[in-house]
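Take a look at the letters that make up each chain.
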Amino acid sequence: MRSVLVALFIIVLVVTQSFLLNKATAEFNNLPQADEPTIAVSPSLLKISSVGFEGVMADFIFLKALVYLGSFFERPISEPVKISEWKRLYNLLRSSADLDPYFLDPYYVANGTLTWGAGMVKETNSLLEQGMRYRTWDPLLPFLTGFNYYYFLKNDSKAIELLKQASGRPKASPLYADLAVKLSYKEKRIENTIRFQEFLIQNEKDGYFRKHFEIRLGILKDIQLLEKAVQMYRQRFKTPPNNLNDLVARHILMRLPQDSMGGGYYLDPSGDIRADNEESFLTVFQRK
Amino acid sequence: MITLWPLAVITFKEGIRNRALYGISLIALLLLIGNYFISGMIPQEVGKVTVDMALSTITLSGLLIILFIGINLMAKDLDKRTIYMVLSKPISRSQYILGKFLGMSLLIIVSVSVLSIFALLSVLVNKLTFAAYFQSFSWSSILLAILFNTVMLILLSSLTFLFASITSTSFITLVLTIITFVIGQSLSVVKALVDAPENVGIKISPITVLFVRIFYYLFPNLSLFNINLQASHNLPVSWSYIWWTLLYGIVYTMLVVASSAIAFRKKEFL
């Protein structure tokens, strides 16, 4: 009888403490909370305080950042995220990356949230550039940084440089090189584009893509020839040609080039040289 | 040598029977089970976090074994004054220290081996569950990191014998061991800071620089044995690094054990 009473008493205590825990937690969540500090801790101090457990500390700080990010989605739309809160998220991701600069996830999450959500593009790029120095085998980080320069910062030349860097890394998708060439073409930097395309061909082992790159190289070289011919025409006759046939008529060129697919070239209204087969030339392709 | 082995075996058995080992094993088991749930929350590098957790569990458990079991193996004899009974046997004080150290090293090797089996099992479970997220992974890197951790723990345990030889209570030995572990793990970073303080925009006095440089050679550089980061990302570790670091560990341990034997020979028991 006594042991039954003791057991009942224990059960009542267990149930009561569960109920009280829920109540206390609910009350705690209603307490006014101070703004979290946005102080960035120096990497050296972080490493010293980790006492040899840098890797796992980086993992836990990253998890803390994820939980903190998750709290943003729990609040109503009428309560936007403050800049100080975005900065705290950045500091957490930065701390994780400082402790383990080879850890991909802080860079990945930073790029996905801080650029679009907070507009902290320069800070994100600085973080990604740190990752690029360590993760030298990874094409993803230069690609993401390149995208940020192109889309958010409107810096095409920097974007091209980073896409080229991405395409040179192991197991890089041909998409990176393809995009770099497209951007180069729009920048009218035919010489750089041709050099990049030649580099691409040298490093491409897949026959399908190699053939496609060689066709593109041929078109780019034709465009380069035509641009030089147009420049010579302007210098000689002090006026631009009406169309590319003028180059042959005025003996600047013996004949107009044709690409390997049988297409020709033309002068568009803005004075740029275009290929008839531009759509196939500039289309991003996928691996079979 | 003949007298050393029985003493080492007795020390080992004493350590294995210590009840603190059950608590440490439980902590390790919980951490390794938690490895599955924690790694599952990571969006990309699940493999890296899995290996981090596994190796950190081994390091932490090894550290707890040294602090709660290793220190007691010798300090208990001193605290309870049973040392008189031990020294009345036909065994020199140096042999006593050496025998105890060998027993402790055996305990660390066996404990780390058992922990490693469970740690590798937790890594295997995660690898099978999240196979696509184990991009940079190598079993040999993990085994190398475990070897380095073992050498580091043996080195640290040798220091507990030195501290026990020169202090009067096990508590002071415990505190000194913890301080040495913290200093040992931080030495490389602190030295890099004092060598180039302008990189972080601070100024350091010449006396501080001198002290840090002295401490750098006096205290063991335990961070050299920490290649957990390299293991979790499968980064290359050169054979020369392995050779020089292990040699450093062995020589430093020999130096500490020899110093312990000398200190213990001169110790007066009141």
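Our structure is the block above this text.
Residues numbered from 1 in each chain as written. Chains lettered and ligands numbered in written order. Predicted model: local features only at pLDDT ≥ 70, side-chain atom pairs only at ≥ 80, totals over all residues. Heavy atoms only, no water.

Participant: Talk me through the overall build of chain B; I want residue IDs and the actual numbers.
Facilitator: Within chain B one finds 10 helices and zero strands. Since a compact globule built from 270 residues should have a radius of gyration of about 18 Å, the 20 Å found for chain B is in line with a globular shape. Dimensions of chain B along its principal axes, counting C-alpha atoms only, are 65 × 50 × 30 Å. Looking at chain B residue by residue over its 270 residues, the buried ones come to 52%. (Helix = DSSP H or I, 4+ residues; strand = E, 2+ residues; numbered from the N terminus. Rg over C-alpha atoms; globule rule 2.2 N^0.38 Å. Buried < 20%, exposed > 50% of the residue type's maximum accessible area, 1.4 Å probe, protein only.)

Participant: Which residues make up the interface of chain A and chain B, and what values do they have?
Facilitator: Residue-level contacts link 24 residues of chain A with 26 residues of chain B. Here chain A packs against chain B, burying approximately 2,100 Å² in sum over the two surfaces, 71% of which is carbon and sulfur. The largest per-residue losses of area from chain A upon contact with chain B belong to Ile48, Val51 and Phe53 of chain A, which jointly make up 25% of the total buried on that side. The tally of links from chain A across to chain B stands at three salt bridges. Between the two partners, chain A and chain B, sit 10 residue pairs in polar contact (both at pLDDT 80 or more). Of all the secondary structure elements, the ones that give two or more residues to the side of chain A that touches chain B are helix H2 (43-50), helix H3 (54-74) and helix H5 (104-113) of chain A. Here the element with the most residues in the side of chain A that touches chain B is H3 of chain A; it accounts for eight residues. Tallied by class, the residues present in the side of chain A that touches chain B amount to 15 nonpolar, three polar and six charged. (Contact = heavy atoms within 4.5 Å. Buried area = accessible area lost by both parts, 1.4 Å probe. Salt bridge = Lys/Arg side-chain N within 4 Å of Asp/Glu carboxyl O. Polar contact = N/O pair within 3.5 Å; in protein donor to acceptor, adjacent residues only side chain to side chain. Nonpolar A, V, L, I, M, F, W, Y, C, P; charged D, E, K, R; others polar.)

Participant: Tell me what's going on with the pattern of salt bridges, and back it up with residues and numbers.
Facilitator: On inspection of all chains with the given rule, the structure shows eight salt bridges over all chains. Two residues, Arg94 of chain A and Asp98 of chain A, come together in a salt bridge whose shortest N-O distance is 3.8 Å. Residue Arg94 of chain A and its partner Asp98 of chain A are both found in helix H4 (residues 83-99); the two are separated by four residues, about one turn of the helix. Taken together, the shared-partner salt bridges in this structure form one network comprising Asp59 and Asp100 of chain A together with Lys48 and Asp52 of chain B.

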